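Residue strings, one per chain:
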Amino acid sequence: MKKKYGEVLIVGGGLAGLVASILLVKKGYSVTVVEKKSYPFHRVCGEYVSNEVLGFLKRNGLYPDFLALPSIDTFEFSDTKGKAVLLPLDLGGFGISRYVLDDWLYQTAGKEGVTFLTSTTVTDLEYLEEEDYFQVALSDFQTLRAPIVLGAFGKRSKLDQVLERPFFTKRSPYIGVKYHVQAEGSTNTVSLHNFQGGYCGFNAIEEGKFNLCYLGNRDQLRQYGSIQEMERAVLWKNPLLKRIFEESTFLWEKPEVITEINFERKKPVENHLLLLGDSAGLITPLCGNGMAMAMHSALLVTEALEEGNTRQEMEERYTQSWNAQFYQRLGVGKAIQGLFGSGRGSVLARNLIQQVPFVARTLVKNTHGQPF
Ligand SMILES: Cc1cc2nc3c(=O)[nH]c(=O)nc-3n(C[C@H](O)[C@H](O)[C@H](O)COP(=O)(O)OP(=O)(O)OC[C@H]3O[C@@H](n4cnc5c(N)ncnc54)[C@H](O)[C@@H]3O)c2cc1C
């Protein structure tokens with residue numbers, strides 16, 4: 001049985017795909033990762049990692065302890081007018097760029113024996129019922145075959161369209177913009193500054209740098225014609241954001257930008273494809289734990305492959321454990337997002353944090369999992 005399902009092909013080498021590849025190769029599976037880009041590269045992400053993954057990373061030799069990473073134990077929240085409140089974070093986290101983290105995991109996976117096809121896109125895949133095998137088409141016109149395929153291709157991929165996943169046709173107003181900057185700031189604090197239509201995260205990462213990343217609105221971008229004009233007209237209305245933008249040294253010529261960030265429900269298993277990380281469901285960025293969920297889903301899928309004796313058992317185990325860990329969190333994250341990005345909502349949220357910190361801490365807890 002193990003022989004039959006001993007080969008795994010992973011589509012997408014972000015956190016979910018990379019971590020799954022390492023866990024599986026260590027268990028004796030033969031693992032290939034197909035990634036459309038080549039490492040190292042930047043991605044839109046707030047780069048605050050929840051400590052729920054710390055023990056897991058350290059136990060598995062996946063924590064990059066050659067770096068002095070900022071430890072974060074405080075949350076700062078400002079409303080659209082720039083009135084701010086601080087909240088201690090019970091679990092906390094650390095800051096690290098995806099440029100460094102993903103490349104570290106890629107190098108580690110390579111050393112463990114994972115095969116990589118980088119700068120290669122999966123253009124199509126199909127489960128062949130009679131043969132109980134997948135057939136996978138690549139951008140270089142190769143075709144691969146594998147008994148198990150993990151979909152770790154992120155929040156939105158052309159493959160979602162090919163697979164006719166229902167969320168793909170629903171338009172989303174959200175855009176994501178990210179910079180790395182040199183700035184003055186508390187290295188132990190992750191800040192969320194609201195502006196009309198969105199919110200902006202700010203936290204320290206490695207080498208004294210800061211991540212400045214926001215979730216904005218496509219209509220505002222259209223209205224103001226450029227990212228820069230939109231930032232001045234919309235984000236700078238929050239005086240704390242204006243100060244960060246004016247006083248920081250921007251380290252890149254242009255920001256990383258993505259569009260169509262969609263928080264619709266998805267499924268963890270579709271057409272026998274086991275889906276990990278954002279491919280199975282994207283939590284709203286304000287929760288600051290999409291990365292932790294991506295890594296945790298890699299562990300859950302490894303356990304399901306190890307414990308299930310048949311394809312059906314693997315799929316059922318993975319669906320059950322994925323739902324138990326993540327289903328509710330995604331819903332809470334989406335509900336809380338309603339309080340963000342508007343004048344009234346952000347004032348309400350600030351008052352809540354200030355006056356009933358217990359409730360705010362409970363909400364934070366409900367969007368996070370237990371350390372694993
Ligand atoms: C604005 C914003 C801010 C965020 N801030 C935070 C934060 O501070 N903390 C946090 O924990 N989370 C945050 N998140 C969420 C976090 O970025 C994601 O949850 C996390 O990156 C998910 O990892 P993943 O491996 O599922 O996907 P990804 O990291 O997106 O990896 C998917 C990979 O698949 C590849 N790929 C796609 N299609 C194909 C294909 N057809 N063939 C081959 N390869 C393919 C892509 O190139 C990519 O490398 C934020 C998200 C957004 C949008």
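Residues numbered from 1 in each chain as written. Predicted model: local features only at pLDDT ≥ 70, side-chain atom pairs only at ≥ 80, totals over all residues. Heavy atoms only, no water.

## Description of the overall build of the protein
Summing up its helical and strand segments, the protein has 11 helices and 18 strands in all. Whereas a compact globule of 372 residues would reach a radius of gyration of roughly 21 Å, the protein reaches 20 Å, a difference of no more than 12%. When each of the 372 residues of the protein is scored for burial, the buried share is 55%. Residue pairs in contact within the protein that sit at least 24 positions apart in sequence constitute 72% of those at least 6 positions apart. Summing over all exposed atoms, the protein offers an accessible surface of approximately 16600 Å²; the carbon and sulfur share of this is 49%. Across the protein, the mean location of the 41 positive side-chain charges is 5 Å away from that of the 41 negative side-chain charges. (Helix = DSSP H or I, 4+ residues; strand = E, 2+ residues; numbered from the N terminus. Rg over C-alpha atoms; globule rule 2.2 N^0.38 Å. Buried < 20%, exposed > 50% of the residue type's maximum accessible area, 1.4 Å probe, protein only. Contact = heavy atoms within 4.5 Å. Areas by Shrake-Rupley, 256 points an atom, 1.4 Å probe, with all protein chains shown as cover. Lys, Arg positive; Asp, Glu negative; His and termini not counted. Charge placed at Lys NZ, Arg CZ, Asp CG, Glu CD.)

## What to know about the sheet that holds strand S9 (residues 143-146)
Taken together, three strands build an open sheet; the order of strands is S7-S8-S9 and the sheet is antiparallel. In this open sheet, the two strands that pair with only one neighbour each are strand S7 (122-128) and S9. If you compare each strand with its neighbour and ignore which way they point, the axes differ by 20 degrees on average. Where S7 and strand S8 (residues 133-138) come together, six bridges link them in antiparallel fashion. (Pairing = 2+ DSSP bridges. Axes fitted to C-alpha atoms, helices over the stretch in contact; angles between N-to-C directions.)

## Here we look at the packing of aromatic side chains
Here the structure, examined in full by the defined rule, presents 20 aromatic pairs. Judged by centre distance (6.3 Å) and plane angle (55 degrees), the ring pair of Phe75 and Phe77 falls under tilted. Since its relative accessible area comes to 1%, Phe77 is described here as buried. Each ring, one from Tyr199 and one from Phe340, has its centre 5.3 Å from the other, and the planes form 70 degrees; the classification is edge-to-face. Of the two residues, Tyr199 sits in strand S13 (residues 198-204) while Phe340 sits in the loop between helix H9 (311-337) and helix H10 (343-355), which places them 141 residues apart along the sequence. (Phe/Tyr/Trp six-rings, centres within 6.5 Å; stacked < 30°, edge-to-face > 60°.)

## Quick look at the site of the ligand
Close to the ligand lie 34 residues; Glu35, Gly46, Tyr48, Arg98 and Asp278 are nearest. Ala16 is positioned with one of its backbone polar atoms (N or O) 2.9 Å from an oxygen atom of the ligand. The separation between an oxygen atom of the ligand and a polar main-chain atom of Gly290 is 3.1 Å. For the ligand, whose accessible area on its own is 1000 Å², the fraction buried by protein is 95%. Contributions of two or more residues to the shell around the ligand are made by helix H1 (15-26) and helix H8 (290-307). (Near = heavy atom within 4 Å. Polar contact = N/O pair within 3.5 Å; in protein donor to acceptor, adjacent residues only side chain to side chain.)

## A short note on empty space enclosed by the protein
Under the defined criterion, the tally for this structure stands at one cavity of 30 Å³ or more. Forming the walls of the largest cavity are Phe134, Ile148, Val149, His272, Leu274, Arg311, Met314 and Glu315. When contributions to the lining of the largest cavity are tallied by element, the ones reaching two or more residues are strand S10 (148-151) and H9. Counting residues per element, the lining of the largest cavity draws most heavily on H9, at three residues. Taken together, the residues of the lining of the largest cavity break down into five nonpolar, one polar and two charged. (1 Å grid on protein atoms, 1.4 Å probe; cavity = no way out; pocket = protein on both sides within 12 Å on 5 of 7 lines; lining within 4 Å. Points joined across faces, edges and corners; volume = space filled by probe spheres on them. Nonpolar A, V, L, I, M, F, W, Y, C, P; charged D, E, K, R; others polar.)

The values reported here are purely geometric and, on their own, carry no functional implication.
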